Amino acid sequence: MLKRVSPKEAHELITSEGYALIDVRTVVEFEAGHPKGAFNVPVVFIESGGRVANASFVDIVEKHFAKDARIILSCQAGRRSLDAAALLEARGYAQLVDQRAGWGGTKDAFGGVSERGWEDAGLPSETGDGGDRSYTTLKR
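Residues numbered from 1 in each chain as written. Predicted model: local features only at pLDDT ≥ 70, side-chain atom pairs only at ≥ 80, totals over all residues. Heavy atoms only, no water.

**Notes on the overall build of the protein**
So, point 1. What the protein contains, in helices and strands, is 5 helices and 11 strands.
So, point 2. Projecting the C-alpha coordinates of the protein onto the three principal axes gives extents of approximately 40 × 40 × 30 Å.
So, point 3. In the protein, the share of contacts with a sequence separation of at least 24, taken over all contacts with a separation of at least 6, comes to 66%.
So, point 4. Carbon and sulfur atoms make up 51% of the accessible area of the protein, which amounts to about 7,100 Å² in all.
So, point 5. Each charge class in the protein was averaged separately, 18 positive and 20 negative side chains, and the resulting centres sit 1 Å apart. (Helix = DSSP H or I, 4+ residues; strand = E, 2+ residues; numbered from the N terminus. Contact = heavy atoms within 4.5 Å. Areas by Shrake-Rupley, 256 points an atom, 1.4 Å probe, with all protein chains shown as cover. Lys, Arg positive; Asp, Glu negative; His and termini not counted. Charge placed at Lys NZ, Arg CZ, Asp CG, Glu CD.)

**Regarding the pairing of strand 5 (residues 44–47)**
So, point 1. The sheet contact formed by strand 5 and strand 6 (residues 50–53) spans 4 bridges and is antiparallel. When the sheet's bridge partners are listed, Phe 45 is paired in strand 6 with Val 52.
So, point 2. Between strand 5 and strand 6, which follow one another and run antiparallel, lie 2 residues. (Pairing = 2+ DSSP bridges.)

**Section: the sheet that holds strand 1 (residues 3–5)**
So, point 1. If you walk across this open sheet you meet the 5 strands as 1-8-7-2-4, and the pairing is parallel. With partners counted over all chains shown, the strands left at the sheet margins are strand 1 and strand 4 (39–40), one partner each.
So, point 2. Across 3 bridges, strand 1 lies against strand 8 (residues 96–99) in parallel orientation. Bridged to Arg 4 within strand 8 is Asp 98.
So, point 3. On top of the sheet, helix 4 (residues 79–90) reaches strand 1, strand 7 (71–74) and strand 8; it is set at about 170° to strand 8, its chief contact. (Axes fitted to C-alpha atoms, helices over the stretch in contact; angles between N-to-C directions.)

**A closer look at the side chain of Arg 25**
So, point 1. Among the structural elements, Arg 25 can be located in the loop between strand 2 (20–23) and helix 2 (27–32).
So, point 2. Under the relative-accessibility criterion, Arg 25 is labelled buried at 1%.
So, point 3. For Arg 25, the side chain forms a polar contact with the main-chain oxygen of Gly 33, separated by 2.6 Å.
So, point 4. Excluding residues within four positions of it along the chain, Arg 25 makes contact with Phe 30, Gly 33, His 34, Asn 40, Pro 42, Ser 74, Cys 75, Gln 76, Arg 80 and Trp 103. (Buried < 20%, exposed > 50% of the residue type's maximum accessible area, 1.4 Å probe, protein only. Polar contact = N/O pair within 3.5 Å; in protein donor to acceptor, adjacent residues only side chain to side chain.)

So this is what it looks like as structure tokens:
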């Protein structure tokens, strides 16, 4: 069963246990702000007709991360990262963790924040493409 952790717990896994964080949001979302040191591999692209699966998602992850790599998956609020985890689990990745609440947090049925995301938790963040961790670089 997939382990799910809070943003603070995810940060602790990164700093103390060597986990890598893959942010599965779009390039535009990632560049606007992301966890410091995160890799960007979008699981979907948002186009005029809606969301379109990134057919290269698993291939790009496999190119850069071994099947036994410790990986945390994160998105905006927690849905896309769960989808990404299912894709990677199906390809044999076993040390996956989902970061609940993603970058922007989760909302309750009334629109209130039910869990703060990475950004609002005040964890180390940065903007820009991420350099060698950017989607442009990783997909080459």
